[in-house]
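# Structural overview
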Number of protein chains: 2
Amino acid sequence: MLRVAADKTEFKYDQLDKIIMYDLAFSPYPSRVHIALYEKGLHDLVETKTVDFFKGENKQEWFKQKNYSTSLPVFEFKDGSCLSETISMIEFIDRLGEPTLTGFNMMEQSVISMMTRKVENEILGAFVQYFRNAQENPQFAETQKTKVLDGLKYVDGILSANEYVCGDRFTQADIALVGAFILADMIKFEVPKHQALWKWYTKVCERPSIKTHYQATNKQLPQ
Amino acid sequence: MLRVAADKTEFKYDQLDKIIMYDLAFSPYPSRVHIALYEKGLHDLVETKTVDFFKGENKQEWFKQKNYSTSLPVFEFKDGSCLSETISMIEFIDRLGEPTLTGFNMMEQSVISMMTRKVENEILGAFVQYFRNAQENPQFAETQKTKVLDGLKYVDGILSANEYVCGDRFTQADIALVGAFILADMIKFEVPKHQALWKWYTKVCERPSIKTHYQATNKQLPQ
């Protein structure tokens, strides 16, 4: 399934119709891609197919052929090639046109790339590990919970000085942080009431992209 | 410390001299950045400063100011701004000119981005978790070891059909996989003798970038 184009031909927009997005409604990683698609005005490009994660459908062979990692979401293009990994999928969408979620110039791109990873590693990824290991590896789960709480304090500090995670513009790093709130919502985890963090969250929930996604998945926005 | 340039001005090459690279010789993540710098012919741009990870120097406040995550490596630019996260640092270097390690066109960039993440998540990252948790959370460590072994089998399959991880060209995804061999070497972990995987490793070790890095850190190349 893995192929790299040998020439430098750019993707053509008309090759992009009928992208299938293997999906799981209102979950941290698929939601990030939905929100990015709404931000770009490109949501119509995808047709979603829900994969029943809770019944282990993502671990079946047909799905592993599309994504070895068994994670959701995944794009499948007309020719059968697949693209997984949330960050890579959002980078892909972002290259289709403005407004940019991944940065205009080298320094912007680098800061957004770095901060998206920090939100993933320090908060969202650690949060997933906490959730997954709470029963079987409670000691490890506890270290991950501490990491999440520290990470939330860290971004609260950033958001006290910046309007968004990477400065004065909404980017893919903000979308990653929304993912953490979505996971908290799913597992009824109380996100600490850090002032700048919640001010940011209330503000980003006013964005049409996030409003639309919450409404489409029948979820309540914060009051 | 976090700033995003508001305009679209590109970085100028002459702003890039005297980059300090906080470093840890022959370790999986810093080595990836060294190898990328050698591949690009840009190793002279950086002046390394070793941070004593084993004495916890990376957890001291002065270092956390440069990188909240406490991970190595980190670039520090002339103006004091810092860039961490190995993938983001290599993307940054890669934007300075050809040959590309991150792809020419959208599909290449997406596949390389995706596969770099898969090598990180399924192999190198899981390997680090295995190593870190072996004593305190042995049950969790065991799941991570299984993940690493499965991941190595997965890339062996890819390398049976492709010369490199992403097809016919050496990319950042290959460098990430070299990171896993470097960790294996550090902790005396025997990498399973999958044929295509070892053929690939022997071949990439012939590259001047990797040869130079191994020699500079007094490490032996595979025989």
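Residues numbered from 1 in each chain as written. Chains lettered and ligands numbered in written order. Predicted model: local features only at pLDDT ≥ 70, side-chain atom pairs only at ≥ 80, totals over all residues. Heavy atoms only, no water.

Going by what an unreviewed UniProt entry lists, chain A is known as Glutathione S-transferase and is assigned to Hyphopichia burtonii NRRL Y-1933.

### Re unusual backbone geometry
All names here are of chain A. In the segment running from Leu72 into Pro73, the intervening peptide bond is cis, with an omega of 5°. Mapped onto the elements of the fold, Pro73 is located in the loop between helix 2 (61-64) and strand 3 (74-76). A cis amide bond links Glu98 with the next residue in sequence, Pro99, at an omega value of -5°. (Helix = DSSP H or I, 4+ residues; strand = E, 2+ residues; numbered from the N terminus.)

### Some thoughts on the domain arrangement of chain A
Residues and elements named next belong to chain A. What the domain assignment reports for chain A is domain 1 (13-94) and domain 2 (106-207). Centre-to-centre separation of domain 1 and domain 2, based on C-alpha positions: 22 Å. The partner domain 2 presents 17 residues to the 13 residues of domain 1 that form the contact. Across the domain 1-domain 2 interface, the total number found is two salt bridges. Across the contact surface, domain 1 and domain 2 share two residue pairs in polar contact (both at pLDDT 80 or more). Going through the elements one at a time, helix 1 (28-40) and helix 3 (86-94) are the ones with two or more residues in the side of domain 1 that touches domain 2. Among the elements that take part in the side of domain 1 that touches domain 2, helix 1 stands out by supplying seven residues, more than any other. Here the residues of the side of domain 1 that touches domain 2 are counted per class, giving eight nonpolar, two polar and three charged. (Domains from an automatic or database assignment. Contact = heavy atoms within 4.5 Å. Salt bridge = Lys/Arg side-chain N within 4 Å of Asp/Glu carboxyl O. Polar contact = N/O pair within 3.5 Å; in protein donor to acceptor, adjacent residues only side chain to side chain. Nonpolar A, V, L, I, M, F, W, Y, C, P; charged D, E, K, R; others polar.)

### Quick notes on the nonpolar core
Counting 124 residues, the largest nonpolar core has Phe75, Leu177 and Trp200 of chain A together with Phe75, Leu177 and Trp200 of chain B as its most contacted members. For Phe75 of chain A, the residues in contact, after removing those within four places along its chain, are Ile19, Ile20, Met21, Val33, Val46, Ser81, Cys82, Leu83, Met89, Phe92 and Ile93 of chain A. (Core = buried A, V, L, I, M, F, W, Y, C linked by side-chain atoms within 4.5 Å. Buried < 20%, exposed > 50% of the residue type's maximum accessible area, 1.4 Å probe, protein only.)

### Considerations on helix 1 of chain A
For an α-helix, 3.6 residues make a turn, and residues three or four places apart therefore share a direction. Residue and element names in this part refer to chain A. Taking 1.5 Å per residue as the helical rise, helix 1 with its 13 residues ought to reach 18 Å, and the 19 Å between its terminal C-alpha atoms agrees with that figure. Helix 1 sits mainly inside the fold: 11 of its 13 residues count as buried. Among the residues of helix 1, those classed as buried are Pro28, Pro30, Ser31, Arg32, Val33, His34, Ile35, Ala36, Leu37, Glu39 and Lys40. The positive-phi residue at the C-terminal boundary of helix 1 is Gly41, with phi of around 70°. (Expected span 1.5 Å × (residues − 1).)

### Regarding the sheet that holds strand 1 (residues 19-23) of chain A
Residues and elements named next belong to chain A. Spatially, four strands are ordered 2-1-3-4 in an open sheet, and the strand pairing comes out mixed. Each end of this open sheet is capped by a strand with a single partner; those strands are strand 2 (46-50) and strand 4 (82-84). For this sheet the average axis-to-axis angle between neighbouring strands, irrespective of direction, equals 25°. Pairing of strand 1 with strand 3, which is carried by three bridges, proceeds in the antiparallel orientation. The residue bridging Ile20 from the neighbouring strand is Glu76, located in strand 3. Sheet strands touched by helix 1: strand 1, strand 2 and strand 3. Its angle to strand 1, the strand with the most contacts, is close to 145°. (Pairing = 2+ DSSP bridges. Axes fitted to C-alpha atoms, helices over the stretch in contact; angles between N-to-C directions.)

### Structural notes on the packing of aromatic side chains
Residue and element names in this part refer to chain A. Within the structure shown, the criterion is met by 35 aromatic pairs over all chains. Between the aromatic rings of Phe77 and Phe92, the centroid separation amounts to 5.3 Å while the plane-to-plane angle is 55°, which identifies the pairing as tilted. Taken together, the positions of Phe77 in the loop between strand 3 and strand 4 and Phe92 in helix 3 put the pair 15 residues apart, joining distant regions of the chain. The pair Phe77 / Phe92 is uniform in exposure class, with both members buried. Members of the aromatic cluster, joined through ring pairs, are Phe181, Trp198, Trp200 and Tyr201. Geometry around Phe170 places Arg207 over its ring, the cationic atom sitting 3.9 Å from the centre. (Phe/Tyr/Trp six-rings, centres within 6.5 Å; stacked < 30°, edge-to-face > 60°. Lys NZ or Arg CZ within 6 Å of the ring centre and 35° of its normal.)

### Brief notes about helix 7 (residues 195-204) of chain B
Residue and element names in this part refer to chain B. Looking at helix 7, one finds that the buried residues are Ala196, Leu197, Trp200, Tyr201 and Val204. Projection of helix 7 onto a plane perpendicular to its axis shows the buried side chains occupying an angular sector of 135°, all on one side. The outward face of helix 7, more than 90 degrees from its buried face, is lined by the exposed residues Gln195 and Lys199. (Arc of directions from axis to C-beta.)

### Quick look at the packing of helix 1 (residues 28-40) of chain B against helix 3 (residues 86-94) of chain B
Residue and element names in this part refer to chain B. Viewed as axis vectors pointing N to C, helix 1 and helix 3 meet at an angle of 10°, and their least axial separation amounts to 10 Å. Taken together, helix 1 and helix 3 sit at an angle that is classed as roughly parallel. Touching Tyr29, Arg32, Val33, Ala36, Leu37 and Lys40 of helix 1 are Thr86, Ile87, Met89, Ile90, Ile93 and Asp94, all from helix 3. (Parallel < 35°, antiparallel > 145°, perpendicular 65-115°, else oblique.)

### Some words on the sheet that holds strand 1 (residues 19-23) of chain B
Residues and elements named next belong to chain B. A sheet is described by the order of its strands in space; here four strands give the open sequence 2-1-3-4, paired in mixed fashion. Two strands close off the open sheet at either side, each with one partner strand: strand 2 (46-50) and strand 4 (82-84). When the angles between neighbouring strand axes are averaged without regard to direction, this sheet yields 25°. Where strand 1 and strand 2 come together, five bridges link them in parallel fashion. Following the sheet pairing, Tyr22 is matched in strand 2 by Lys49. Packed on one face of the sheet, helix 3 meets strand 3 (74-76) and strand 4 and runs near 115° to strand 4.

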